[in-house]
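# Working through the structure, step by step
Here are the chains, one letter per residue:
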4 protein chains.
Amino acid sequence: MSTATDLRVGVVGAGIMGADHIDRLSRTISGAAVSAIVEPDAARAAAAAQTAPGAAVFGRIEDAIAAGVLDAVLVATPGRFHEPVLAPALEAGLPILCEKPLTPDSASSLRVVELERKLGRPHIQLGFMRRFDDEYRALRELVVSKEAGDLLMLRGVHRNPSVPDTYTESMLITDSVVHELDVMPWLAGSPIRSIEVKHPRRNALSPERLREPILVLIELENGVLVDVEMNVGAQFGYQVTAEAVFQTGIARIGQPAGLQRWADGAFRIAEHVTYTTRFARAYDTQVQAWVDAVRDGSLVAGPTAWDGYLAALACEAGVRALTESGPVAVPSAARPDFYA
Amino acid sequence: MSTATDLRVGVVGAGIMGADHIDRLSRTISGAAVSAIVEPDAARAAAAAQTAPGAAVFGRIEDAIAAGVLDAVLVATPGRFHEPVLAPALEAGLPILCEKPLTPDSASSLRVVELERKLGRPHIQLGFMRRFDDEYRALRELVVSKEAGDLLMLRGVHRNPSVPDTYTESMLITDSVVHELDVMPWLAGSPIRSIEVKHPRRNALSPERLREPILVLIELENGVLVDVEMNVGAQFGYQVTAEAVFQTGIARIGQPAGLQRWADGAFRIAEHVTYTTRFARAYDTQVQAWVDAVRDGSLVAGPTAWDGYLAALACEAGVRALTESGPVAVPSAARPDFYA
Amino acid sequence: MSTATDLRVGVVGAGIMGADHIDRLSRTISGAAVSAIVEPDAARAAAAAQTAPGAAVFGRIEDAIAAGVLDAVLVATPGRFHEPVLAPALEAGLPILCEKPLTPDSASSLRVVELERKLGRPHIQLGFMRRFDDEYRALRELVVSKEAGDLLMLRGVHRNPSVPDTYTESMLITDSVVHELDVMPWLAGSPIRSIEVKHPRRNALSPERLREPILVLIELENGVLVDVEMNVGAQFGYQVTAEAVFQTGIARIGQPAGLQRWADGAFRIAEHVTYTTRFARAYDTQVQAWVDAVRDGSLVAGPTAWDGYLAALACEAGVRALTESGPVAVPSAARPDFYA
Amino acid sequence: MSTATDLRVGVVGAGIMGADHIDRLSRTISGAAVSAIVEPDAARAAAAAQTAPGAAVFGRIEDAIAAGVLDAVLVATPGRFHEPVLAPALEAGLPILCEKPLTPDSASSLRVVELERKLGRPHIQLGFMRRFDDEYRALRELVVSKEAGDLLMLRGVHRNPSVPDTYTESMLITDSVVHELDVMPWLAGSPIRSIEVKHPRRNALSPERLREPILVLIELENGVLVDVEMNVGAQFGYQVTAEAVFQTGIARIGQPAGLQRWADGAFRIAEHVTYTTRFARAYDTQVQAWVDAVRDGSLVAGPTAWDGYLAALACEAGVRALTESGPVAVPSAARPDFYA
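### Here's the deal with the overall build of chain A
Counting its regular elements, chain A contains 10 helices and 15 strands. A globule of 340 residues ought to have a C-alpha radius of gyration of about 20 Å, and chain A, at 20 Å, matches this closely. Here chain A, with 340 residues, has 55% of them falling under the buried criterion. Pairs at least 24 apart in sequence give 70% of the contacts found in chain A among residues at least 6 apart.

What follows is the structure, given as structure tokens:
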């Protein structure tokens, strides 16, 4: 066997998402290896370590940094624990792939941005993985190419079969719509001006605490109107689609694909039932792009901490829109040259 | 040849739509014949009469009635000429198939309703042909069956390649969205509570007088939320689709069908470019259903004058919504037993 | 009601197919009425007569002719009873729409052809309804247009959920593949040169008497190769498709269409389960075209008795091919000018 | 950076396929690095080495072996050069991923098999990458599950836009159909009994030396009938599909997927134009599976040298079938326990 120079990645958080990333880095990604698992829950850490035998286990990020075993950090804890991890990692000058959200609110996100700016250039890539999905990318290329003329509308659909007991009404925005708040402006090349929420008939099969589905109307600064059906009690499966209305044509992504069957009087194609299969390749592509960027010195190959801050601003307006009628303005924030 | 007892239909108006109906009644519909063409423009009347050799030509509906050649009337003039035709036809006790709209406004529609009520039972069927489209019918059956649970949302798309010079901004509502204002409540089994219009980025390829496309948000009284993309400068083709969000699943109609081709690096299916092909069968089915209903004495087999009045009320709110922000309430109007 | 001059059609045979045609002529077709039902089984005749109140009932075609109530004849009896009906109808000079097959074998078909030739021009239209299916027609237009270059191959699929107890091995050819033996040469513009049958693994769920599915290889005189999967125990549904391989592209017909649903982890579209829905419109179009042709004096608007004779020749070769290995030649028969 | 133990792979052949594998091993595959490039053409070797900076360049495999820089070998030269590479690599006891074909004929393939058997267990994985395609795998799972009953027929389509000048008639079998000769028996779980070739109308746009497309009929020993349309002048794009006929249903793979567009009166989806995009993921999955197998000591994770020998036997019969009429028997060869 050779002694190649793999990127030594410390994964912070060994829950479902973290364990998934540890497995991905160990078995799928080229040029990286998990050198450290940072997880205070010892049982979890031990379980995750089984797929990354070479990794040391730490209870705190500071200890992993001190041990000198990290070239880069992948943060996969819940969002409320991000800032305490990002701060020491940034202070150590480490490149970071941080699962969304950057932090739970815009104020803390701005603090992270300020901390990062001291490093002279961006070190944080944010895990909005849709930007790495083949179809979202193809759609963006179509927008940029102007082949179908100007983009006029974007119409998104995000349907989950169900959500866990811990899922609250505001998470419709902060946990689910947040993906649209990043990817739609990215597709359209324009930031968000306002957000409004409309309430269709409530799904009586959803938990009583959730008034859903909702229809979210998002105005972008260039005039493009985005509407998103956010539906977390759809039961039939997991589905994320987008339709773009251009001046001279239409484009649509997220449609059924794969093995086609005829049985029992029907033609059918399996639909996804979870994001882990729907976006499996997007996660792989995202992490590979990040590893490649860190190895070649560019550090970041996707959405930045600034995009995380913008998403936090939009989420705050979106949460207000859940209970206010009419559009809620999203504060405009000019992108600093630092993040150009 | 036999001497069968075909329904003698007088067609009022021999423009594009009227000529199409004359041809349909003469060549496609079972049990009916065009006995009269009522059209003040003599050249038009003569041209249309060529496909209905047995038809007499009249300049005014009153003369056709007086001539005793009518068992029923099909009204295909522009909407502003409907009331003066409907009035004498109703007075003569004739069954009527009236192209939409019933009349251009709710006040005149209500006058027609009052006139009809004197006849003791409905005599007017209104030409909202979508209710006769196979796929809209299948979707309604799914709603009624509750097989996928309650209906929560309806999402409509209506795209035209372009519109003629005579098409004005308010016609986005009164000429185009009006179909949705009838068919969506019919699908959902609930009348309209309010209408709101959102403006995406304007299509710079559309005529300057038109601020379009628009996104129309329609609340129904049962809580179902309807959104409709109305787009009359879509250029690529003619497309009418609907997507229904249920408690446990989704349904979609209006998708590409027919001969599939592979050529030049692409798979493709022809899309419609005009409503005349998209709804060809719906028109046939509608007129056949009406002819059958008149012959068997039931007189009406579809939307009534009351549905026309409701659509007029909704259109008036919709036109206001084009320039007002926020939802515009649609007056509620309890359906009289007469139209139950 | 008017006294229009509807075509007086005598329907011979009031089984499933005959009853269906009686209903169609009475309720769907423009310009025709059922004036006579010819059916020896009195109960059947009475049942069918309920949908055609003006029709007289006869036990024999000769009596209906003698009664002078026929302008034209639609023959819907089993094929072995066709010749005794066609002969007197031809002698009476009546136009005929005859369900396939023309007769059960080529010798009797040739006798019918000879009889018809005495009338100076074709009077028989044969009920190969696929030629009136919208998609088969679109495919033929594509072939004729040469838009995709020359046609090289045709690939047919004919799948039935199951067949009745009366269905025998040879009926795979004479009852089912016979449609392909007419429509494929029609699509390709070339007669059949030979037929060969290959036996895949037998479907153990099919009745023991049937060795099926089969793969039928048909060479046309212009070199186009046709293969047809004939499968009468497919269980999942009824499916008829065709794929055409051209020099520069591919075309395909018969794919799933209509309302699309998502439920239980799958996207699905209902598939047909019977030919009556799959070809409902083709039957309507066929009968309307025939009625129009008879009324305008052209008498025939589709496949002729000669096409029936060619199909009989091909069926005889096809039945031999069920048990012989290698291609079985189909006798060539130059189309007489009479049928040009 | 860490000093992980990557598998040191020597890639033999740096043509299009070899360069592609060098790039894949360097940038996509986890746990492997290109340690040697074996290529007599110095310019080619230098070009390929740019994507694998750590790789040494050799003119002969023997030298690379002697240098002690190889843990495993990936052979990507043309098939006629395989045996002289496989022999020394086997003698050195190295695990090998060998692009198809194993060798150009069954006699030489058998020699390789004999050589390999001396090593006590299989060391060669053969590059029939379709077995690693997600959809082929899903189809095989369906076969194995018996969920749709027994498999009765397999229907393959392999269409290339065009082929290079070096492509000869026999390569229809040895270069193209060979994939079906491996994957169809694998899907059906049964070896080949005979091969027959039928000639449709020749595509006049194809080079004169090629009599194509062809229809290949393949009988498997379990009675399943396979037909394959092999078409290397299809022009419109690159398409590989399969349809499986089961007792109770149908399954189909290789259908259009990805971004959907409406433009210019048509709905469309881009079709592939080359195998490199159609099977991009299959190649990645194949090489990753092989690297993982070598690292974990199982050495082989896919088709073996024996499968290559069987394909060679089938190809020899297939080439004869190009000019002989009727089925050509394929010699049966019982799989040795060694390859069980």
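So much for the structure itself; the text now carries on.
### Some details on the interface of chain A and chain D
In this assembly, 33 residues from chain A lie in contact with 33 residues from chain D. Residue classes in the side of chain A that touches chain D are distributed as 15 nonpolar, 11 polar and seven charged. Inspection of the sheet shows strand 12 (residues 250-253) of chain A paired to strand 13 (residues 260-263) of chain D by three bridges, in the antiparallel sense. In the strand pairing of strand 13 of chain D, A251(A) is matched with R261(D).

### A closer look at the interface of chain C and chain B
Facing 33 residues of chain C, the contacting portion of chain B comprises 33 residues. Looking at the side of chain C that touches chain B, the elements with two or more residues in it are strand 1 (2-12), strand 2 (32-38), helix 6 (134-145), strand 12 (250-253) and strand 13 (260-263) of chain C. Here the side of chain C that touches chain B gets seven residues from one element, more than from any other, and that element is strand 1 of chain C. Split by residue class, the side of chain C that touches chain B holds 15 nonpolar, 11 polar and seven charged.

### Brief notes about the domain arrangement of chain A
Residues and elements named next belong to chain A. Its domain assignment divides chain A into domain 1 (7-130 + 282-309) and domain 2 (134-274). Between domain 1 and domain 2, the C-alpha centre-to-centre distance is 27 Å. With six residues of domain 1 at the contact, the number on the domain 2 side is six residues. For the side of domain 1 that touches domain 2, the class distribution of residues is three nonpolar, no polar and three charged.

### A short note on the confidence of the model for chain A
Chain-level pLDDT for chain A is 96 on average; 99% of the residues reach the 70-or-more range. We note a pTM of 0.96 for the whole complex and an ipTM of 0.95 for its interfaces.

### Re helix 9 (residues 280-295) of chain C
All names here are of chain C. With 16 residues, helix 9 should cover 22 Å at 1.5 Å per step; its first-to-last C-alpha distance of 23 Å lies within 8% of that length. Residues A282, Y283, Q286, V287, Q288, W290, V291 and V294 constitute the buried set of helix 9. Positive backbone phi, at 90 degrees, marks G297, one or two positions downstream of helix 9.

### A few points about the relation of the copies chain A and chain D
For the pair chain A and chain D, the superposition axis carries a translation of 0.0 Å, the fit reaches an RMSD of 0.0 Å, and the rotation angle comes to 180 degrees. Both copies of the chain, as the preceding transformation shows, are related through a two-fold rotation axis. Taking the C-alpha atom as reference, chain A places S30(A) closest to the rotation axis, 2.0 Å from it. A shared interface surface links the copies, since 100% of the contact residues of chain A are contact residues in chain D too.

### Let's talk about the relation of the copies chain C and chain B
Overlay of chain C on chain B (RMSD 0.0 Å): rotation 180 degrees, translation along the axis 0.0 Å. Both copies contact each other with a shared surface, as 100% of the interface residues of chain C are interface residues in chain B too.

### Looking at the packing of helix 4 (residues 82-91) of chain C against helix 5 (residues 106-117) of chain C
Residues and elements named next belong to chain C. Between helix 4 and helix 5, whose axes approach to 10 Å, the crossing angle comes to 5 degrees. With respect to helix 5, the axis of helix 4 lies roughly parallel. Along its contact with helix 4, which presents E83, L86, A87 and L90, the element helix 5 presents S108, R111, V112, L115 and E116. Across the contact of helix 4 with helix 5, the residue classes break down as five nonpolar, one polar and three charged.

### Some words on unusual backbone geometry
If a residue is not glycine, its phi is most likely negative; likewise, a peptide bond is most likely trans. At the junction of K100(A) and P101(A), the peptide bond is cis and its omega measures out at 0 degrees in the coordinates. Examined against the element boundaries, P101(A) turns out to sit in the loop between strand 5 (96-98) and helix 5 (106-117). For the peptide bond that leads from E212(A) to P213(A), omega is 5 degrees, which places it in the cis range. For P213(A), the position within the fold is in the loop between strand 8 (192-198) and strand 9 (214-220). The phi dihedral of Q235(B) is positive, around 65 degrees, even though this residue is not glycine. Phi at L299(B) is positive, roughly 70 degrees, even though this residue is not glycine. As for its position among the elements, L299(B) is in the loop between helix 9 (280-295) and helix 10 (305-321).

### A short note on the environment of A14(C)
All names here are of chain C. For A14, the position within the fold is in the loop between strand 1 and helix 1 (16-27). On the neighbour-count criterion, A14 (27 C-beta atoms within 10 Å) is buried. Each C-alpha atom of the pair A14 and V75 lies 9.6 Å from the other, and the pair is 61 residues apart in sequence. For A14, the residues in contact, after removing those within four places along its chain, are A19, I22, I37, E39, R44, A45 and A48.

### Considering helix 10 of chain B
A turn of α-helix holds 3.6 residues, and therefore any two residues three or four places apart point the same way. Here helix 10 of chain B contains 17 residues, and its C-alpha end-to-end distance of 24 Å stays within 8% of the 24 Å for a straight helix at 1.5 Å per residue. Most of helix 10 of chain B sits inside the fold, with 15 of its 17 residues counted as buried.

### Topic: the packing of helix 6 (residues 134-145) of chain B against helix 7 (residues 171-188) of chain B
Packed helix pairs are specified by the crossing angle of their axes together with the interaxial distance, meaning the distance between the axes. All names here are of chain B. In contact at an axis separation of 8 Å, helix 6 and helix 7 are set at 35 degrees when each is read in the N-to-C sense. Of helix 7, the residues touching helix 6 (which contributes Y136, L139, R140 and V143) are V183, W186, L187 and A188. A per-class count over the contact of helix 6 with helix 7 returns seven nonpolar, no polar and one charged.

### Regarding the pairing of strand 14 (residues 266-270) of chain C
Inspection of the sheet shows strand 14 (residues 266-270) of chain A paired to strand 14 of chain C by five bridges, in the antiparallel sense. Directly across from R268(A), in strand 14 of chain C, lies its bridge partner R268(C). Pairing analysis gives four bridges linking strand 13 of chain C to strand 14 of chain C, with the strands arranged antiparallel. Note on strand 14 of chain C: the bridge partner recorded for W262(C) is F267(C). Here strand 13 of chain C folds back onto strand 14 of chain C, and the loop between the two strands holds two residues, one of which, D264(C), carries a positive phi near 50 degrees.

Cut-offs applied
Residues numbered from 1 in each chain as written. Chains lettered and ligands numbered in written order. Predicted model: local features only at pLDDT ≥ 70, side-chain atom pairs only at ≥ 80, totals over all residues. Helix = DSSP H or I, 4+ residues; strand = E, 2+ residues; numbered from the N terminus. Rg over C-alpha atoms; globule rule 2.2 N^0.38 Å. Buried ≥ 20, exposed ≤ 12 C-beta atoms within 10 Å, placed from the backbone. Contact = placed C-beta atoms within 7 Å. Nonpolar A, V, L, I, M, F, W, Y, C, P; charged D, E, K, R; others polar. Pairing = 2+ DSSP bridges. Domains from an automatic or database assignment. pLDDT = per-residue confidence, 0-100. Expected span 1.5 Å × (residues − 1). Least-squares fit on C-alpha atoms with pLDDT ≥ 70 in both. Axes fitted to C-alpha atoms, helices over the stretch in contact; angles between N-to-C directions. Parallel < 35°, antiparallel > 145°, perpendicular 65-115°, else oblique.

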